[in-house]
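Structural overview
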Amino acid sequence: MTTLQIEARKLRPGEATPTQEPAKWPEGALPNPIQEATATEEGEVKASWVSAEAGFPQTLAFGSLLDDRLRLLKPLEVQLEQEGEWYIARCGEVDAFGYGEDSFQAVDDLRQSFAELYWTLKASQEQLAKGLSSVWKHLRELVEEQ
Amino acid sequence: MTIKAREFDQLMDKLGFETRDSGDLLAWFEHDGKKVLWTKRSKLRGDDLPFQHQIRQQMKLNEDQLREALRCRFSRDDYVTLLQEKGLL
């Protein structure tokens, strides 16, 4: 499997165009439905593609959540699986999953669940048992409020 | 094995999960005033629940334990004991 992660930034008015070579596309890697690209308010774009030839499970990463109040500090690795007609995106780091009729929906559902988990644990941070306490500690390392 | 949506809901009720509607049905297990774990079930049309493996994993149950729980042979106390043995409480 080939995973290519891209981070790009929108140029500000008057800013010179960077002279570096564009990222080389790995042979066989296609911007298939697993493609994930998100632009933040600051104009940053983070994207991941996974090679189309790979079967399931696949691994991909996403760099933002579906909640403007939260920012991921590093891309989150996700396992994508297929169960019958459904796609499942699973994040073992925080024991959460999302699902959908395609990989886009599954990842978006996971991003939603991730944010939901963050806010719920934050609201109950003094009342967490061992397991969720570890998850909360890990979430604080992964996520920043903005 | 398959789980039906109503069986899941009955199980949540029996084990004392607190449920909340958030697009999906979110279920939180609390013990001694502390949140211990969570899971969710889809509200998709259809009787049999998809993603049962993920649900089982989040509930920290193996297939036999889930089967027993669905047959009402697994109480909240049994569940608490199991979670204690797994070091989650």
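Everything here concerns the structure above.
Remember, it's a predicted structure, so these values are computed and weren't measured experimentally.

From N to C terminus, chain B includes 4 helices and 3 strands. Along chain B, from the amino end to the carboxyl end, the secondary structure elements read α-β-β-β-α-α-α. A globule of 89 residues ought to have a C-alpha radius of gyration of about 12 Å, and chain B, at 12 Å, matches this closely. Dimensions along the principal axes, computed over C-alpha positions, put chain B at roughly 35 × 25 × 20 Å. Put simply, chain B has 89 residues, and 25% of those count as buried. Within chain B, counting contacts between residues at least 6 apart in sequence, those at least 24 apart form 37% of the total.

Let's shift gears to the sheet that holds strand β3 (residues 34–41) of chain B. Residue and element names in this part refer to chain B. Ordered by their spatial adjacency, 3 strands build an open sheet running β1-β2-β3, and the pairing between neighbours is antiparallel. The sheet is open, and its two edges are formed by β1 (18–22) and β3, each paired on a single side. Recorded for the sheet is a direction-independent mean angle of 25° between the axes of neighbouring strands. Of the strand pairs in this sheet, strand β2 (residues 24–31) and β3 are connected by 7 bridges, and their pairing is antiparallel. By the bridge assignment for β3, L26 is matched with K40.

What follows is about the pairing of strand β8 (residues 96–100) of chain A. All names here are of chain A. Among the 5 residues of β8, 4 are classified as buried, and the element is accordingly described as predominantly covered. Across 5 bridges, strand β7 (residues 86–91) lies against β8 in antiparallel orientation. Bridging from a neighbouring strand, Y87 pairs with G100 of β8.

About the thresholds
- Residues numbered from 1 in each chain as written.
- Chains lettered and ligands numbered in written order.
- Predicted model: local features only at pLDDT ≥ 70, side-chain atom pairs only at ≥ 80, totals over all residues.
- Helix = DSSP H or I, 4+ residues; strand = E, 2+ residues; numbered from the N terminus.
- Rg over C-alpha atoms; globule rule 2.2 N^0.38 Å.
- Buried ≥ 20, exposed ≤ 12 C-beta atoms within 10 Å, placed from the backbone.
- Contact = placed C-beta atoms within 7 Å.
- Pairing = 2+ DSSP bridges.
- Axes fitted to C-alpha atoms, helices over the stretch in contact; angles between N-to-C directions.

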